[in-house]
Amino acid sequence: MAASAGAPAPAEGSEEALASALADVPELARLLETDPYLKPYAPDFQRRYKRFNQTLTNFGENEGGIDKFSRGYESFGIHRCADGGLYCKEWAPGAEGVFLTGDFNDWNPFSYPYKKLDFGKWELYIPPKQNRSVLVPHGSKLKIVIRSKSGEILYRISPWAKYVTREGDNVNYDWTHWDPEHPYKFKHSKPKKPKGPRIYESHVGISSYEGKIASYKHFTCNVLPRIKDLGYNCIQLMAIMEHAYYASFGYQITSFFAASSRYGTPEELKELVDTAHSMGITVLLDLVHSHASKNSEDGLNMFDGTESCYFHYGPRGNHNLWDSRLFDYSSWEVLRFLLSNIRWWLEEYGFDGFRFDGVTSMLYYHHGIGQSFSGDYHEYFGLHVDEEALTYLMLANHLIHTLYPDSITIAEDVSGMPTLCSPISQGGSGFDYRLAMAIPDKWIQLLKEFKDEDWNMGNIVYTLTNRRHLEKSIAYAESHDQALVGDKTLAFWLMDAEMYTNMSVLTPFTPVIDRGIQLHKMIRLITHTLGGEGYLNFMGNEFGHPEWLDFPRKGNDESYHYARRQFHLTDDDLLRYKFLNNFDRDMNKLEERCGWLSAPQAHVSEKHETNKVIAFERAGLLFVFNFHPSKSYTDYRVGTTLPGNVQFLITS
């Protein structure tokens, strides 16, 4: 029997509330069966799912569905029409007037006014020339001119700009109209979704051993073959969405629809993705929808002369730690912009999914600042959770997996939010994987604070296996975070200055180098095999890159010396870096053959603190690690369920 309109809502935690939630969330019962401790929070899942479902319904009633809604890039910005004319459209709700100017009209700011539409939208049609050619040719420089309500005249780049460039010593980027006569045509189909992703985290700009910004072409010709040879089936491209400040590592986005011009053209990025696909490699984009640069002349900030166009008004719209702006995920047009941005990278460039940056910041009003998450479920539910942002993440995952079921989404969340990687139908957020961020922190802590003879085997195993049942994790020993200046890579922690003096095969092994190389291999292998359902490595770390990563900035006299990867070191047969590189290849090739990443979680049979031995089984393989600094063992007995004789497949 339906409740009357005026009936009170069921009390949170009551049987009635649970029944109501189970009725509204299609597969919530399956989630609660997996984790009964989530039952008190059933109303939270109900509220989140209903908000998500209502937004989808609103898209259907007002925009023809999320499919049409997420095609904003087809009308917003500037588009060539069949008759040779141009259709231009912008959203600037705070503007009194909008105009287009550029090379095509000798930078007259007011000769091409937009017509005001409902809901803060503006449009302009520019007819073709008499010979039916476009008035604004490919490569033209353009600006949007905004007349604010205070009468101020502002020059802006369209939020939908497809290409922005910076000339010479100019501080700001210019909007360059991108409409080539012969756009790149993809030749290869997308690869199937890997059962166990082995991810090579990559930055195009630092991919050369030379002290310069490398290009898409360089990465395609020189780095992709290395990635394929090493056995990685997935690459994660960082710093692709345009960012004015190179040293931000791509995390202060200024133009969300523009592929960074510092590495080359959009067509060259498409060739990179297509070439990776020809090798069977899945390509993920590092997606930054958690915040945006505060730049206004070449960014989204103050686009229409108001601070609340794309972002929250007042303090809620600023991230104090990152000095950046925060999106208003409740805004209809912001949702259109962000969801269309996702679709743009999938369809225009052929990306196969995303690593969502800064998810913790999105999930909570406190943005995770000053928080130490203990794992208590109260930390993940309640008024401190930003359910507008959470709804956006659910919509994003729904869109991605509806468009391309083989796509991969990865959440960078340090908080451990439960159900982040559970299906939306269960009340979860719909991510495929989360980054196992505690694992690299554990390795760094051990190397910083303990001698290796004092390592606790049980603590290592706990960190590597402590993940939510049925929620997949990407394990990694180190990523770009650990390579940045101010920190040190695992190889540097292990071998430090001796990497510069004792890595030649012509000199005897020193204890530091011998032990360092062995531990480098063991840390990566146990992380790979025990830590998750996917594995990630930052470019160069596979061979123990000897130096940290630092981008050119005032503090280092704008030097590119550390903004590079010295791949030539692993190609030198006289250096020991090749041994680490070869081990990394063997490790990935063995996983490809045996599939432990897609197998159920390992059964750990031994964590011996005195012997410093860890033993476990996964995917029909027996792994035995001896972390003892001085003892080796013969005829060491470990329990196993595997019948028959043991064949050695990989040793360090």
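Residues numbered from 1 in each chain as written. Predicted model: local features only at pLDDT ≥ 70, side-chain atom pairs only at ≥ 80, totals over all residues. Heavy atoms only, no water.

**Concerning the pairing of strand β13 (residues 255-259)**
And step 1. Within β13, five of the five residues are buried, leaving the element largely enclosed by the surrounding structure.
And step 2. Alignment of strand β12 (residues 241-242) against β13, held across two bridges, turns out to be antiparallel. Paired with Met241 across the strands is Ala259, a residue of β13. (Buried < 20%, exposed > 50% of the residue type's maximum accessible area, 1.4 Å probe, protein only. Helix = DSSP H or I, 4+ residues; strand = E, 2+ residues; numbered from the N terminus. Pairing = 2+ DSSP bridges.)

**What about the side chain of Arg576?**
And step 1. Structurally, the position occupied by Arg576 is in the loop between α16 (568-571) and α17 (577-594).
And step 2. No salt bridge forms around the buried Arg576; measuring N to O, its nearest opposite-charge neighbour Asp514 is 7.9 Å away.
And step 3. Separated by 2.9 Å, the side chain of Arg576 and the backbone oxygen of Ser504 make a polar contact.
And step 4. At 2.5 Å, the side chain of Arg576 forms a polar contact with the backbone oxygen of Thr507.
And step 5. Those residues in contact with Arg576 that lie beyond four places of it in its chain are Asn502, Met503, Ser504, Val505, Thr507, Pro508, Phe509, Ile513 and Ile517. (Lys, Arg positive; Asp, Glu negative; His and termini not counted. Salt bridge = Lys/Arg side-chain N within 4 Å of Asp/Glu carboxyl O. Polar contact = N/O pair within 3.5 Å; in protein donor to acceptor, adjacent residues only side chain to side chain. Contact = heavy atoms within 4.5 Å.)

**What about the nonpolar core?**
And step 1. Among the nonpolar cores identified, the biggest contains 175 residues, and Ile235, Leu269, Tyr310, Trp345 and Trp443 are the most heavily contacted of them.
And step 2. Not counting residues up to four positions away in its chain, the partners in contact with Tyr310 are Trp91, Pro159, Trp160, Leu300, Phe303, Phe327, Asp328, Val334 and Phe337.
And step 3. If you look at the next biggest cluster of nonpolar residues, it comprises 11 residues, including Leu284, Tyr433, Ile474 and Tyr476. (Core = buried A, V, L, I, M, F, W, Y, C linked by side-chain atoms within 4.5 Å.)

**Thoughts on helix α15 (residues 511-530)**
And step 1. In this model α15 runs 28 Å from its N-terminal to its C-terminal C-alpha over 20 residues, within 8% of the 28 Å that 1.5 Å per residue would give.
And step 2. Along α15, 16 of the 20 residues are buried, which leaves the element largely enclosed by surrounding structure. (Expected span 1.5 Å × (residues − 1).)

**Quick look at the UniProt feature "active site" (unreviewed entry) in the protein**
And step 1. Here, UniProt's "active site" (unreviewed entry) annotation points to Asp357 and Glu412. For this annotated set, covering 56 residues, all C-alpha atoms fall within 5.5 Å of each other, a compact arrangement in space. From the set just named, the residues that line the largest cavity comprise Glu412.
And step 2. Locating Asp357 in the fold gives a position in the loop between β17 (353-356) and α8 (359-363).
And step 3. Sequence-distant contacts of Asp357, defined by excluding residues within four places in its chain, comprise Tyr251, Asp286, Leu287, Val288, Ser290, His291, Met362 and Glu412.
And step 4. Using a relative accessible area of 14% as the deciding quantity, one classes Glu412 as buried.
And step 5. Setting aside its immediate chain neighbours within four residues, Glu412 contacts Arg355, Phe356, Asp357, Gly358, Val359, Thr360, Leu435 and Met437.
And step 6. Side-chain polar atoms of Glu412 contact the side chain of Arg355, separated by 3.4 Å. (UniProt positions renumbered as here; feature names shortened; annotations may be inferred. 1 Å grid on protein atoms, 1.4 Å probe; cavity = no way out; pocket = protein on both sides within 12 Å on 5 of 7 lines; lining within 4 Å.)

**Digging into the environment of Arg585**
And step 1. Position of Arg585 among the secondary structure elements: in helix α17.
And step 2. Residue class for Arg585 comes out partly exposed when judged on its relative accessible area of 21%.
And step 3. Sequence-wise, Arg585 and Glu542 are 43 residues apart; in three dimensions their C-alpha atoms are separated by 8.8 Å.
And step 4. Beyond its immediate stretch of four places on either side in the chain, Arg585 contacts Asp229 and Leu230.

**Section: the packing of helix α5 (residues 216-230) against α17**
And step 1. The contact between α5 and α17 brings their axes to 8 Å, and the two run at 60 degrees. Comparing the axis directions of α5 and α17 gives the class oblique. On the side of α5, the interface is formed by Lys228, Asp229 and Leu230, while α17 contributes Asn581, Asp584, Arg585, Asn588 and Lys589.
And step 2. A per-class count over the contact of α5 with α17 returns one nonpolar, two polar and five charged. (Axes fitted to C-alpha atoms, helices over the stretch in contact; angles between N-to-C directions. Parallel < 35°, antiparallel > 145°, perpendicular 65-115°, else oblique. Nonpolar A, V, L, I, M, F, W, Y, C, P; charged D, E, K, R; others polar.)

**Some details on helix α11 (residues 457-465)**
Since there are 3.6 residues in each turn of an α-helix, residues three or four apart along the chain are aligned in direction.
And step 1. Buried within α11 are the following residues: Met457, Ile460, Val461, Thr463, Leu464 and Thr465.
And step 2. Next to the buried residues of α11 lie α10 (438-449), α15, β22 (603-608) and β23 (613-618).
And step 3. The N-cap of α11, judged by a side-chain oxygen 3.0 Å from the amide nitrogen of Gly458 a few residues on, is Asn456.

**Some details on the pattern of salt bridges**
And step 1. As enumerated under the stated definition, the model contains 43 salt bridges in all.
And step 2. The salt bridge involving Asp229 is made with Arg585; its shortest N-O contact spans 3.0 Å. With a gap of 356 residues between them, Asp229 in helix α5 and Arg585 in helix α17 connect regions that are remote in the sequence.
And step 3. Overall, the relative accessible area of 38% leaves Asp229 in the partly exposed class.
And step 4. One salt bridge in this structure joins Asp452 and Arg515, with 2.7 Å as the shortest N-O distance. One end of the pair, Asp452, is in the loop between α10 and α11; the other, Arg515, is in helix α15, with 63 residues separating them in the sequence.
And step 5. A cluster of three or more residues bridged by salt bridges with shared partners is formed by Asp35, Asp413, Arg434, Arg468 and Glu471.

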